[in-house]
Amino acid sequence: MTYDIGDHVIVRTVSGFIVSGRTEVWDDEIELSVVKKIMWSETEVYEYVLFVPCHVLIKSSTLMDSRNKLGIPQKFVGEHIVIVKPQYITRLGRQRADGNNCANCGDFCNYATEGFTCYSCRTNPYRQKMRPQK
Ligand SMILES: [Zn+2]
């Protein structure tokens, strides 16, 4: 099972820590949204950057700072994120919002049609050569 930017996924926690998606005993099931997919070249498996809203406690989350080297959208600077391997995701949550990923940068935009290019990519020449993240 692979997920896309904009998907809502369910993780299970024990005492505030995300545990294996297949675990039989857990405290909470929490729905988080995927903001970025990262492929480490040595594994060729996607890991998922999940946005952790301020009302959710995930002890392994980290604060996104402006030195962001992972290409996470800048709007998440100052917010908490957590990076998980796919086996830590239990299942897909509710259906993603209606929309599509930008064909250039892979950012998810609500109500966008398939194959569109987002506003940032259309206006910023330095984004023109980015490769799709899918
Ligand atoms: Zn874009």
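Residues numbered from 1 in each chain as written. Predicted model: local features only at pLDDT ≥ 70, side-chain atom pairs only at ≥ 80, totals over all residues.

**Q** Got a sec to walk through the overall build of the chain? Specific residues and values, please.
**A** Secondary structure assignment for the chain yields one helix and nine strands. Reading the helices (α) and strands (β) of the chain from amino to carboxyl end gives β-β-β-β-β-β-β-β-β-α. Here the C-alpha atoms of the chain give a radius of gyration of 15 Å, agreeing with the 14 Å that 2.2 N^0.38 yields for 134 residues. Expressed as lengths along the three principal axes of its C-alpha atoms, the size of the chain is roughly 50 × 35 × 30 Å. Burial status across the chain gives 22% buried among its 134 residues. Within the chain, contacts between residues separated by at least 24 positions form 51% of all contacts whose residues are at least 6 apart in sequence. (Helix = DSSP H or I, 4+ residues; strand = E, 2+ residues; numbered from the N terminus. Rg over C-alpha atoms; globule rule 2.2 N^0.38 Å. Buried ≥ 20, exposed ≤ 12 C-beta atoms within 10 Å, placed from the backbone. Contact = placed C-beta atoms within 7 Å.)

**Q** An account of the nonpolar core is needed here, citing residue identities and associated values.
**A** Membership of the largest hydrophobic core comes to 20 residues, with the highest contact counts inside it found for Val11, Leu32, Val34, Val35, Leu50 and Ile81. Contributing elements (two or more residues each) for this core: strand 1 (8-14), strand 3 (28-39) and strand 4 (46-52). Examining the composition of this core, we find that five residues originate from one element, strand 4, more than from any other. Sequence-distant contacts of Leu32, that is, excluding residues within four places in its chain, are made with Val9, Val11, Leu50, Phe51 and Val52. (Core = buried A, V, L, I, M, F, W, Y, C linked by C-beta atoms within 7 Å.)

**Q** Before we move on, can you summarise unusual backbone geometry with the specific residues and values?
**A** Working note: non-glycine residues mostly have negative phi, and peptide bonds are mostly trans. Phi is positive for Ser15, close to 50 degrees, though the residue is something other than glycine. Note on placement: Ser15 falls in the loop between strand 1 and strand 2 (17-19). Its 10 C-beta neighbours within 10 Å are what place Ser15 among the exposed residues.

**Q** So, the environment of Val34: which residues are in play, and what are the values?
**A** Within the secondary structure layout, Val34 lies in strand 3. Separated by 19 residues in the primary sequence, Val34 and Pro53 have C-alpha atoms spaced 12 Å apart. Discounting chain neighbours no more than four positions away, the residues touching Val34 are Tyr3, Asp4, Ile5, Gly6, Asp7, Val9, Tyr48 and Leu50.

**Q** Help me get a handle on the pairing of strand 1, residues and values and all.
**A** Two strands pair when backbone bridges link them, and strand 1 and strand 3 are joined in this way by six bridges, in the antiparallel orientation. Within strand 3, the residue paired with His8 across the bridge is Ser33. As paired elements, strand 1 and strand 7 (residues 91-92) share two bridges and run antiparallel to each other. Bridge pairing in strand 7 links Ile10 to Arg91. (Pairing = 2+ DSSP bridges.)

**Q** For the pairing of strand 3, give the residues involved together with the corresponding values.
**A** The pairing of strand 3 with strand 4 spans six bridges and is antiparallel. The residue bridging Lys37 from the neighbouring strand is Tyr48, located in strand 4. Hairpin connection from strand 3 to strand 4: six residues lie between these consecutive antiparallel strands, with Glu44 at a positive phi of about 55 degrees.

**Q** Any details on the environment of Leu92? Residues and values, ideally.
**A** With respect to the helices and strands, the residue Leu92 is situated in strand 7. On the basis of neighbour counts, which here come to 16 C-beta atoms within 10 Å, the residue Leu92 falls in the partly exposed class. Excluding anything up to four places from it in sequence, Leu92 contacts Tyr3, Asp7 and Val9.

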